[in-house]
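# Structural overview
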Amino acid sequence: MKIQCGKMKNMKKLVIANWKLHPASLAEAVKLARKSDKKGAVICPPFPFIPAVSRVLKHASLGAQDIFWEEKGAYTGQVSAVILKQFHTRYVIIGHSERRSYAHETDEMINRKVQAAQAAGLHPILCVGEPLNVRRRGIAAAKRFVAAQLKKDLAETHGRIVIAYEPIWAIGTGKPDKPEESAEMIVFIKKTARKISPRAQITCLYGGSVKPENARSFLSRKEIDGALVGGASLSGKSFGAILQKVQ
Ligand code: PGA
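In this text the structure is predicted, and so the values were computed from the model without any measurement.

Cut-offs applied
Residues numbered from 1 in each chain as written. Predicted model: local features only at pLDDT ≥ 70, side-chain atom pairs only at ≥ 80, totals over all residues. Heavy atoms only, no water. Helix = DSSP H or I, 4+ residues; strand = E, 2+ residues; numbered from the N terminus. Rg over C-alpha atoms; globule rule 2.2 N^0.38 Å. Buried < 20%, exposed > 50% of the residue type's maximum accessible area, 1.4 Å probe, protein only. Contact = heavy atoms within 4.5 Å. Near = heavy atom within 4 Å. Polar contact = N/O pair within 3.5 Å; in protein donor to acceptor, adjacent residues only side chain to side chain. Areas by Shrake-Rupley, 256 points an atom, 1.4 Å probe, with all protein chains shown as cover. Nonpolar A, V, L, I, M, F, W, Y, C, P; charged D, E, K, R; others polar. Axes fitted to C-alpha atoms, helices over the stretch in contact; angles between N-to-C directions. Parallel < 35°, antiparallel > 145°, perpendicular 65-115°, else oblique. Core = buried A, V, L, I, M, F, W, Y, C linked by side-chain atoms within 4.5 Å. Lys, Arg positive; Asp, Glu negative; His and termini not counted. Salt bridge = Lys/Arg side-chain N within 4 Å of Asp/Glu carboxyl O. 1 Å grid on protein atoms, 1.4 Å probe; cavity = no way out; pocket = protein on both sides within 12 Å on 5 of 7 lines; lining within 4 Å. Points joined across faces, edges and corners; volume = space filled by probe spheres on them. Pairing = 2+ DSSP bridges. Right-handed = clockwise from strand over helix to strand, strands pointing away.

### Remarks on the overall build of the protein chain
- Helices and strands together make up the secondary structure of the protein chain, namely 10 helices and 8 strands.
- Computed over the C-alpha atoms, the radius of gyration of the protein chain is 17 Å, within 12% of the 18 Å expected from 2.2 N^0.38 for a compact globule of 247 residues.
- Expressed along its principal axes, the backbone C-alpha trace of the protein chain runs to roughly 45 × 45 × 40 Å.
- Residues counted as buried form 56% of the 247 residues belonging to the protein chain.
- Here the analysis covers contacts within the protein chain between residues at least 6 apart in sequence; of these, 70% occur between residues at least 24 apart.

### A few points about the site of the ligand
- Near the ligand lie 13 residues; those nearest to it are Lys-20, His-96, Glu-166, Gly-172 and Ser-209.
- Contact between the ligand and Lys-20: an oxygen atom at 2.7 Å from a side-chain N or O atom of the residue.
- A total of 280 Å² of accessible area belongs to the ligand in isolation, and the protein chains cover 97% of it.
- Of the residues belonging to the shell around the ligand, the class tally is 4 nonpolar, 7 polar and 2 charged.

### So, the packing of helix 5 (residues 107-120) against helix 7 (residues 139-153)
- Packing of helix 5 against helix 7 leaves a shortest axis separation of 8 Å and a crossing angle of 50 degrees. Here helix 5 lies oblique to helix 7, going by the angle between them. Contact residues: Asp-107, Glu-108, Ile-110, Asn-111 and Val-114 in helix 5; Gln-149, Lys-152 and Asp-153 in helix 7.
- Here the contact of helix 5 with helix 7 is built from residues that sort into 2 nonpolar, 2 polar and 4 charged.

### Let's talk about the nonpolar core
- If you look at the biggest cluster of nonpolar residues, it comprises 64 residues, and the most contacted ones within it are Ile-43 and Ile-163.
- Residues within four places of Ile-43 in sequence aside, it is in contact with Ala-17, Trp-19, Ser-36, Val-53, Leu-57, Ala-60, Ser-61, Leu-62, Gly-63 and Phe-239.
- Within the second largest apolar cluster, 12 residues are counted, among which are Leu-14, Cys-44, Ile-125 and Cys-127.

### Considerations on the side chain of Asp-37
- On the secondary structure map, Asp-37 appears in the loop between helix 1 (26-36) and strand 2 (41-44).
- Comment: no salt bridge for buried Asp-37; closest opposite-charge side chain is Lys-58, at 5.9 Å.
- Within the structure, the side chain of Asp-37 is placed 2.8 Å from the backbone nitrogen of His-59, a separation counted as a polar contact.

### Quick notes on the layout of surface pockets
- Its volume calculated, the second largest pocket comes out at about 280 Å³.
- Along its surface, the second largest pocket is lined by 14 residues, and Lys-20, Leu-21, Gln-65, Glu-98 and Arg-99 are the ones closest to its centre.
- Of the residues that constitute the lining of the second largest pocket, the class distribution is 7 nonpolar, 3 polar and 4 charged.

### Comments concerning the pattern of salt bridges
- Inspection of the entire model under this criterion finds 15 salt bridges.
- In this structure, Glu-105 and Arg-99 form a salt bridge, with 2.6 Å as the shortest nitrogen-oxygen distance.
- Using a relative accessible area of 6% as the deciding quantity, one classes Glu-105 as buried.
- Between Glu-184 and Lys-143 there is a salt bridge, and its shortest N-O distance comes to 2.8 Å. Taken together, the positions of Glu-184 in helix 8 (residues 179-196) and Lys-143 in helix 7 put the pair 41 residues apart, joining distant regions of the chain.
- The structure contains a network of salt bridges with shared partners spanning Asp-66, Arg-99, Glu-105 and Lys-113.

### So, the pairing of strand 2
- Here strand 2 shows a buried face lined by Ala-41 and Ile-43 and a second buried face lined by Val-42 and Cys-44.
- For strand 1 (residues 14-18) and strand 2, the ladder comprises 4 bridges, and the chain directions are parallel. Note on strand 2: the bridge partner recorded for Val-15 is Ala-41.
- The handedness of the strand 1 to strand 2 crossover, carried by helix 1, is right-handed.

### Some details on helix 10 (residues 236-244)
- Gly-236, Ser-238, Phe-239, Gly-240, Ile-242 and Leu-243 are the residues of helix 10 that are buried.
- Against the buried residues of helix 10 lie strand 1, helix 1, strand 2, helix 9 (212-219) and strand 8 (226-229).

That is the geometry; function is a separate question.
Pasting the structure below:
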């Protein structure tokens, strides 16, 4: 059965705000959430802001930036999908390159997280993407790198999976990928992911220095199902301008 992905049925593209470790105060988080509360958006604040942001959102969906794979136990500092669900969280970013690098997350850990999210009824937003030294060897090398990530990250998964193609060299650098090359990668990612998880419903977004000035060049492409936005999601004005490109 071909499933139209929930809200995706009425909504052409998904635009996800990854706030990372911002803003610095609850008051600012609530203010930013109010300004970003638009249809088609998913807002992913730091964990402690989730209940307050959840109360504010009327149109946007709520996401988290990470989860742990166990539901409960002696795991100091961790947060489970089951807890997040209770605060109306619908999505969770998993395997962001910053977690792969700063928290040393492996593909095996990421796979467990994707499975835990799905078991609890959260939609995983799985991030994949190659470093600069790989991309310098060409797009075929980048495809091989991303395919190896997908093979491990998506093992034994099913259901709805949002994949974000985020070339590491494009994140936070102001140097986005070329829209035609990210579209080529995204077609490849969808094909590869469908082979690994034949029963999953896959959507694939682009992330990495998406700004109001370049958003249309990515979001207008039929292969690209949306965008994962970091820096430009920290201002209601620029995030709103990106969302406008899909409405
Ligand atoms: P950026 O971040 O938009 O600031 O490049 C994207 C991301 O890390 O998800």
